[in-house]
Amino acid sequence: MIDMERYVVSSLELHLFFARIMKEHALFLKAGFTPANQDFSREAAFYQREFEMLLRRAVQLSGGVVGGQVLSSGEIVTEFTADAEKKTQCFTGIRIDREITRMEAMLRCGGAARVTPALCRQVKRLNRTALHLLQGLIGFKERILNGMLRCRVFTTNYPLLIEHIIREAKLYQTFLCSAEREGRLDIQTMRETETFWNQIMMEHALFIRGLLDPAEGALVETSNTFAREYAALLSRAKTANDAAMLHRESLNETLKFREFKTAGVKGIESCEIRSIILPLLADHVLREANHYIRLLNA
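Computed from a predicted model, the values in this text were never measured in an experiment.

Student: How do you make sense of the side chain of Asn-290 when you look at a structure like this?
Tutor: With respect to the element layout, Asn-290 can be found in helix 11 (residues 279-297). Residue Asn-290 is classed as buried on the basis of its relative accessible area of 6%. A polar contact is formed between the side chain of Asn-290 and the side chain of Arg-258, at a distance of 3.3 Å. If near-sequence neighbours (up to four positions away) are discounted, Asn-290 is found in contact with Ser-73, Gly-74, Glu-75, Thr-78 and Arg-258.

In structure tokens, the structure reads:
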């Protein structure tokens, strides 16, 4: 019973975070294509719809089951998500199932008593659906990257961003494969977690720097500083013997970066920051920082 509980709760918590991340990746890809790549646009729209349906189902199964730490972490939705979706839909013309966000905001935590064999079977089907979708989405992202690197595809997204979102999709896939093989998701050491997410945070800083208007000099420099500090953390991790100190440094750095990202979402949503950052992208990277902070505090 304990194993079943861990399998169900961990799987649902994983989907609540990563299925939303994947559907937003697909939206950002679609928004970045030109009219010359209509086939890619349609494929991105397909994956956005499929992961929206997956996320909706995960939300429906999660009520009274998932843990309070995840629900309160800000990794599923933030106070800015609903408005960010509304504005991004307006700016891009890409429809977003915004009802899911309202459903997520109403989720409440639960306990083992709500984990039943029937729920376990439903979660197993959900995991298998996610694995099938991820195989296709990863392949799609890799085709885009290969086309960009051979100058056969143009998109407003950086090649590094495509590599970045491939790594995130593969992490989701790895966790799900572990859940299906072993019934557990805690397969990374804290050092591995820190290495992965410090790399992600460093790249967020680089992307933010590159998408800010050059006139936003102070914000560009702050983004550069965060990128350098995360690069230094990654470098020290290769030789550091004091894991506890590195852990504290990663947490402190990410708490500071979260403050910067929060101010960024506010500034972008209120049109006070000059950039080409979609409001939903600003909220997206904030949620990833919140997720990482929860992992560091675990």
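Student: Would you mind going over the environment of Phe-46 with me for this structure?
Tutor: Mapped onto the secondary structure, Phe-46 falls in helix 2 (residues 38-62). For Phe-46, a relative accessible area of 34% translates into the label partly exposed. Sequence spacing of Phe-46 and Lys-30 is 16 residues, and the spatial spacing of their C-alpha atoms is 9.9 Å.

Student: I would appreciate a short explanation of the packing of helix 6 (residues 117-149) against helix 7 (residues 159-182) in the present structure.
Tutor: Geometrically, a packed helix pair is captured by the angle between its two axes and the distance between the axes. Two elements in contact, helix 6 and helix 7, have axes whose closest approach is 9 Å; the angle formed by their N-to-C orientations is 155 degrees. With respect to helix 7, the axis of helix 6 lies roughly antiparallel. Where helix 6 crosses over helix 7, the handedness of that crossing is left-handed.

Student: Would you mind showing me how to read the packing of aromatic side chains here?
Tutor: In this description, an aromatic ring pair is defined by two values, namely the gap between the centres and the angle between the planes. Scanning the entire structure with this criterion turns up 14 aromatic pairs. Relative to Phe-140, the ring of Tyr-47 has its centre 5.9 Å away and its plane inclined at 25 degrees; by these criteria the two rings are stacked. One end of the pair, Tyr-47, is in helix 2; the other, Phe-140, is in helix 6, and 93 residues separate them in sequence. Take Phe-140: its relative accessible area is 0%, and that puts it in the buried class. An angle of 75 degrees between the planes, with centres 5.2 Å apart, marks the rings of Phe-196 and Trp-197 as edge-to-face. Put simply, the rings of Phe-17, Phe-18, Tyr-172, Phe-196, Trp-197 and Tyr-292 pair up and form one aromatic cluster.

Student: Sorry if this is basic, but what is going on with the pattern of salt bridges here?
Tutor: Between side chains of opposite charge, a pair can form as their charged atoms come close. Counted by the stated rule, this structure contains 22 salt bridges. For Lys-23, the salt bridge identified is with Glu-52, shortest N-O distance 3.6 Å. Highlighted residues: Lys-23 in helix 1 (residues 2-32) and Glu-52 in helix 2, separated in sequence by 29 residues. Neither Lys-23 nor Glu-52 differs from the other in exposure class; each is buried. Across the pair Arg-274 and Asp-213 runs a salt bridge, and its minimum N-O distance is 3.8 Å. With a gap of 61 residues between them, Arg-274 in the loop between helix 10 (243-269) and helix 11 and Asp-213 in the loop between helix 8 (190-211) and helix 9 (217-237) connect regions that are remote in the sequence. For Arg-274, a relative accessible area of 52% puts it in the exposed group. With relative accessibility at 24%, the residue Asp-213 sits in the partly exposed group.

Student: Looking at this structure, I do not really get unusual backbone geometry. What am I missing?
Tutor: What you tend to see is this: most non-glycine residues have negative phi, and most peptide bonds are trans. Unlike most non-glycine residues, Cys-151 shows phi in positive territory, near 60 degrees. Mapped onto the fold, Cys-151 is located in the loop between helix 6 and helix 7. Classification of Cys-151 as exposed rests on a relative accessible area of 72%. In this structure, Cys-271 is a non-glycine residue whose phi angle is positive, near 60 degrees. Summarising the element assignment, Cys-271 is placed in the loop between helix 10 and helix 11.

Student: I would appreciate a short explanation of the side chain of Ser-62 in the present structure.
Tutor: Secondary-structure assignment places Ser-62 in helix 2. Among the residues examined, Ser-62 registers a relative accessible area of 0% and is labelled buried. Look past the residues within four positions of Ser-62 in its chain and what remains in contact with it is Leu-12, Leu-16, Leu-107 and Arg-108.

Student: Teacher, can you tell me more about the packing of helix 2 against helix 6 here?
Tutor: Close contact between helix 2 and helix 6 brings their axes to 11 Å; oriented N to C, the two are set at 160 degrees. Classified by the interaxial angle, the pair formed by helix 2 and helix 6 is roughly antiparallel. With respect to the hand of their crossing, helix 2 and helix 6 are arranged in left-handed fashion. Residues belonging to the contact of helix 2 with helix 6 are distributed by class as follows: 16 nonpolar, three polar and four charged.

Here is what the cut-offs are and how they apply
- Residues numbered from 1 in each chain as written.
- Predicted model: local features only at pLDDT ≥ 70, side-chain atom pairs only at ≥ 80, totals over all residues.
- Heavy atoms only, no water.
- Helix = DSSP H or I, 4+ residues; strand = E, 2+ residues; numbered from the N terminus.
- Buried < 20%, exposed > 50% of the residue type's maximum accessible area, 1.4 Å probe, protein only.
- Polar contact = N/O pair within 3.5 Å; in protein donor to acceptor, adjacent residues only side chain to side chain.
- Contact = heavy atoms within 4.5 Å.
- Axes fitted to C-alpha atoms, helices over the stretch in contact; angles between N-to-C directions.
- Parallel < 35°, antiparallel > 145°, perpendicular 65-115°, else oblique.
- Left-handed = near helix turned anticlockwise from the far one by under 90°.
- Phe/Tyr/Trp six-rings, centres within 6.5 Å; stacked < 30°, edge-to-face > 60°.
- Salt bridge = Lys/Arg side-chain N within 4 Å of Asp/Glu carboxyl O.
- Nonpolar A, V, L, I, M, F, W, Y, C, P; charged D, E, K, R; others polar.

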